[in-house]
Amino acid sequence: MMAPAAQRVVAIDGPAASGKSSVARELARKLGFVYVNSGAMYRAIAWFVLDRGTDFHDAAAVTRLVETARIECDLEGGESRIQIDGVDPASHLRDVRVNEAVSPVSSVPRVRELLGAQMRSYASSHDVVMEGRDIGSVVFPETPYKFYIDASPEVRAKRRAAQGHADQIAMRDQADSSRKTAPLMIAEDAHVIDSSQLSIEGVVGQIVERLRVQGWEAPPPRV
Ligand code: DC
């Protein structure tokens, strides 16, 4: 049994390029919460696997590698940061090869266990807005504040292309939704928002409104 999170957790899940990172970051800023990007944590492990020349399709080899890695998560400017064996791979996280390796690497149960523990430790000392694929369903099933941000496949492909990244998002979504451990899914009690026709502010506004309905005071305005 996991210990309940000590602080408030707003879980934001959704498929690739649904706009959840921009929304989660802006929401965290507005609420004065810490922003945790769990996808970046999986990307960092994928980068590490590639950097060490380990076959990212070999789950046993990936498990062996992460068992001996020093994974350190902390905060920088109110946002999550991960270092592995003393290296911060932030500038490599959007590399094409990381895009290719991250779904297989994130399907390895031991990787999910290790990173899941780090995610929960953020919430032991901070109120957090955390984005990912299984934050509401697996990492913080107890939080009452769960959102699932979606957008049409066309809009998502356009958004990713506009960021200038080569990323097979349809393939990643298929892999992330069909894996055995903690697949991408809509948690039963999540509030679903289709962001296809909405701006970031529009989505954040809907979330804040929903939190208010759930009994939150209006957050103090932050500019
Ligand atoms: O959010 P993102 O596209 O940067 O995430 C990269 C990959 O990490 C995604 O394809 C699946 C994995 N991931 C995951 O399995 N669970 C999470 N909570 C977050 C990301």
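For the structure given in this document, a descriptive report is provided here. (Residues numbered from 1 in each chain as written. Predicted model: local features only at pLDDT ≥ 70, side-chain atom pairs only at ≥ 80, totals over all residues. Heavy atoms only, no water.)

### Remarks on the site of the ligand
Line of reasoning, step 1. Lining the immediate environment of the ligand, one finds 17 residues, of which Arg43, Arg112, Arg172, Asp176 and Arg179 sit closest.
Line of reasoning, step 2. Take serine 38: an N or O atom from its side chain is 3.1 Å from a nitrogen atom of the ligand.
Line of reasoning, step 3. Side-chain polar atom of aspartate 176 to an oxygen atom of the ligand: 2.6 Å apart, as the coordinates give it.
Line of reasoning, step 4. Within the complex, the protein chains bury 98% of what would otherwise be the 450 Å² of accessible surface of the ligand.
Line of reasoning, step 5. Where the shell around the ligand is concerned, the elements lending two or more residues are helix 2 (38-51), helix 4 (96-106) and helix 8 (169-178).
Line of reasoning, step 6. For the shell around the ligand, the element with the highest residue contribution is helix 2, accounting for four residues.
Line of reasoning, step 7. Residues of the shell around the ligand, tallied by class, amount to three nonpolar, five polar and nine charged. (Near = heavy atom within 4 Å. Polar contact = N/O pair within 3.5 Å; in protein donor to acceptor, adjacent residues only side chain to side chain. Areas by Shrake-Rupley, 256 points an atom, 1.4 Å probe, with all protein chains shown as cover. Helix = DSSP H or I, 4+ residues; strand = E, 2+ residues; numbered from the N terminus. Nonpolar A, V, L, I, M, F, W, Y, C, P; charged D, E, K, R; others polar.)

### Side note on the packing of helix 3 (residues 59-68) against helix 5 (residues 109-125)
Line of reasoning, step 1. Interaxial distance between helix 3 and helix 5 falls to 8 Å at its minimum, and their mutual angle equals 25 degrees. One element, helix 3, and the other, helix 5, form an angle in the roughly parallel class. The segment helix 3 lies against helix 5, with Val62, Thr63, Val66 and Glu67 engaging Arg110, Val111 and Leu114.
Line of reasoning, step 2. In the contact of helix 3 with helix 5, the residues fall into four nonpolar, one polar and two charged. (Axes fitted to C-alpha atoms, helices over the stretch in contact; angles between N-to-C directions. Parallel < 35°, antiparallel > 145°, perpendicular 65-115°, else oblique. Contact = heavy atoms within 4.5 Å.)

### Digging into the pattern of salt bridges
Line of reasoning, step 1. Tallying each qualifying case throughout the model produces 17 salt bridges.
Line of reasoning, step 2. Arginine 52 is the partner of aspartate 85 in a salt bridge, and the nearest nitrogen-oxygen pair spans 3.5 Å. Here the residue aspartate 85 occupies a position in the loop between strand 4 (79-84) and helix 4, and arginine 52 occupies one in the loop between helix 2 and helix 3, the gap between them amounting to 33 residues.
Line of reasoning, step 3. Relative accessible area serves as the criterion here: at 28%, aspartate 85 is assigned to the partly exposed category.
Line of reasoning, step 4. Classification of arginine 52 as partly exposed rests on a relative accessible area of 43%. (Salt bridge = Lys/Arg side-chain N within 4 Å of Asp/Glu carboxyl O. Buried < 20%, exposed > 50% of the residue type's maximum accessible area, 1.4 Å probe, protein only.)

### A look at helix 5
Since there are 3.6 residues in each turn of an α-helix, residues three or four apart along the chain are aligned in direction.
Line of reasoning, step 1. Taking 1.5 Å per residue, 17 residues should reach 24 Å; helix 5 reaches 25 Å between its end C-alpha atoms and fits that length.
Line of reasoning, step 2. Listing the buried residues of helix 5 in full gives Val111, Arg112, Leu115, Gly116, Gln118, Met119, Arg120, Tyr122 and Ala123. (Expected span 1.5 Å × (residues − 1).)

### Overview of the packing of aromatic side chains
Line of reasoning, step 1. According to the stated counting rule, one finds two aromatic pairs in the structure shown.
Line of reasoning, step 2. On the numbers, 5.8 Å between centres and 50 degrees between planes, the contact of phenylalanine 33 with tryptophan 216 is tilted. One end of the pair, phenylalanine 33, is in the loop between helix 1 (20-31) and strand 2 (34-37); the other, tryptophan 216, is in the segment after helix 9 (200-213), and 183 residues separate them in sequence.
Line of reasoning, step 3. Look at tyrosine 145 and tryptophan 216: their rings are 4.8 Å apart centre to centre, the planes differ by 70 degrees, and that puts the pair in the edge-to-face class. Taken as a pair, tyrosine 145 in strand 6 (residues 145-150) and tryptophan 216 in the segment after helix 9 lie far apart in primary sequence, 71 residues in all. (Phe/Tyr/Trp six-rings, centres within 6.5 Å; stacked < 30°, edge-to-face > 60°.)

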